[in-house]
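Residue-level listing of the chains:
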Amino acid sequence: MAFIRHKQEPIKVDHFQGGEGYLLRENILNTNEEMYDKGRVFAHMTLEKGCQVGKHTHQGDAETMYILKGHGKYLIDGKFEDVGPGDTLFCGDQEEHMLINENDEPLEFIALVLFK
């Protein structure tokens, strides 16, 4: 299943995971088949100022985020931590997290959600 996928237009997702504002999502892999049924998300995401990935708990999967550009606040273990370019964020099965952009610059990251 070799392929080349050229840059796609981002999909606007309002109130992602119940968060404020919206998220722009550009899928890197589009289907479970492309991920060999090992995960459900591999995407380039962007949060504009005032937007967030709402607080949610992972069930049966885990999420890794890699920050490309911008700065934000990441909720982990019940407290917010500052994050920026080059940071890797991980949330395991049965854990809760949230990501907020309160800055003028867009917060761009790669998100990967793999099944447990």
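The model shown is predicted, which means the values in this text are computed figures rather than measured ones.

**Overview of the overall build of the protein**
The number of helices and strands found in the protein is zero helices and ten strands. The helix and strand sequence of the protein, counted from the amino end, reads β-β-β-β-β-β-β-β-β-β. In terms of overall dimensions, the protein is globule-like: its C-alpha atoms have a radius of gyration of 14 Å, near the 13 Å expected for 116 residues. Seen along its three principal axes, the alpha-carbon backbone of the protein occupies a region of about 40 × 30 × 25 Å.

**Things to note about the side chain of His58**
Of note, His58 is situated in the loop between β4 (52–57) and β5 (61–69). Among all residues touching His58, those that are not within four sequence positions of it are Arg40, Glu63, Cys91, Gly92, Asp93, Gln94, Glu95, His97 and Val113.

**Observations regarding the sheet that holds strand β1 (residues 11–14)**
Read from one edge to the other, the open sheet built from six strands follows the order β1-β2-β3-β10-β5-β8, with strand pairing classed as antiparallel. Edge strands, defined here as strands with exactly one partner in the open sheet, are β1 and β8 (88–91). Sheet twist, expressed as the average angle between the axes of neighbouring strands with direction ignored, equals 30 degrees. Across eight bridges, β5 lies against strand β10 (residues 107–115) in antiparallel orientation. Pairing of Met65 across the sheet is with Ala111, part of β10.

**As for the sheet that holds strand β7 (residues 79–83)**
What the four strands build is an open sheet, ordered β4-β9-β6-β7; its pairing is antiparallel. Taken across any chain shown, the strands that pair with only one partner, and hence form the sheet edges, are β4 and β7. Going across the sheet, the axis of each strand differs from the next one's by a mean of 15 degrees, ignoring polarity. Judged from the four bridges that link them, β4 and strand β9 (residues 96–100) form a sheet pairing that is antiparallel. Following the sheet pairing, Val53 is matched in β9 by Leu99.

**Quick notes on the packing of aromatic side chains**
This structure, assessed with the given rule, holds zero aromatic pairs. The residue whose ring lies beneath Lys12 is Tyr22, and the NZ or CZ to ring-centre distance is 4.6 Å.

**Re the nonpolar core**
Ranked by size, the top nonpolar core spans 19 residues in total, and within it Leu47, Leu99 and Phe109 carry the most contacts. Within the residue set of this core, elements represented by two or more residues are β3 (39–47), β5, β8 and β10. Not counting chain neighbours up to four residues away, the residues in contact with Leu99 comprise Leu47, Cys51, Gln52, Val53, Met65, Lys73, Tyr74, Val83, Leu89, Leu107 and Phe109.

The rules behind the values
- Each residue is numbered by its place in its chain's sequence as written, counting from 1.
- The predicted origin of the model limits local features to residues at a pLDDT of at least 70 and limits the giving and counting of side-chain atom pairs to 80 or more, whereas totals for whole chains, interfaces and linings rest on all residues.
- The side-chain numbers reported here are obtained from all heavy atoms of the structure, hydrogens and water having been left aside.
- Only runs of H or I of at least four residues qualify as helices and only runs of E of at least two qualify as strands under DSSP, and these elements are numbered from the N terminus.
- With the radius of gyration taken over C-alpha atoms, the globule rule is written as 2.2 Å times the number of residues to the power 0.38.
- Residue contacts are counted whenever heavy atoms from the two residues lie within 4.5 Å of one another.
- Here, strands pair whenever DSSP counts at least two bridges between them.
- In this description, a line fitted to the C-alpha atoms serves as the axis of each element, helices being fitted only across the stretch in contact, and the angle between N-to-C directions of two axes falls anywhere from 0 to 180 degrees.
- Centre distance within 6.5 Å is the pairing criterion for rings of Phe, Tyr and Trp, where only the six-membered ring of Trp is used; planes under 30 degrees apart are then read as stacked, over 60 as edge-to-face, and the remainder as tilted.
- We call a charge positioned over a ring when the NZ of a Lys or the CZ of an Arg lies within 6 Å of the ring centre and within 35 degrees of the ring normal.
- Residues belong to one nonpolar core when they are buried, are Ala, Val, Leu, Ile, Met, Phe, Trp, Tyr or Cys, and are joined through side-chain atoms within 4.5 Å.
- With a 1.4 Å probe rolled over the protein chains alone, any residue whose accessible area is under 20% of its type maximum counts as buried; one over 50% counts as exposed, and the rest are partly exposed.

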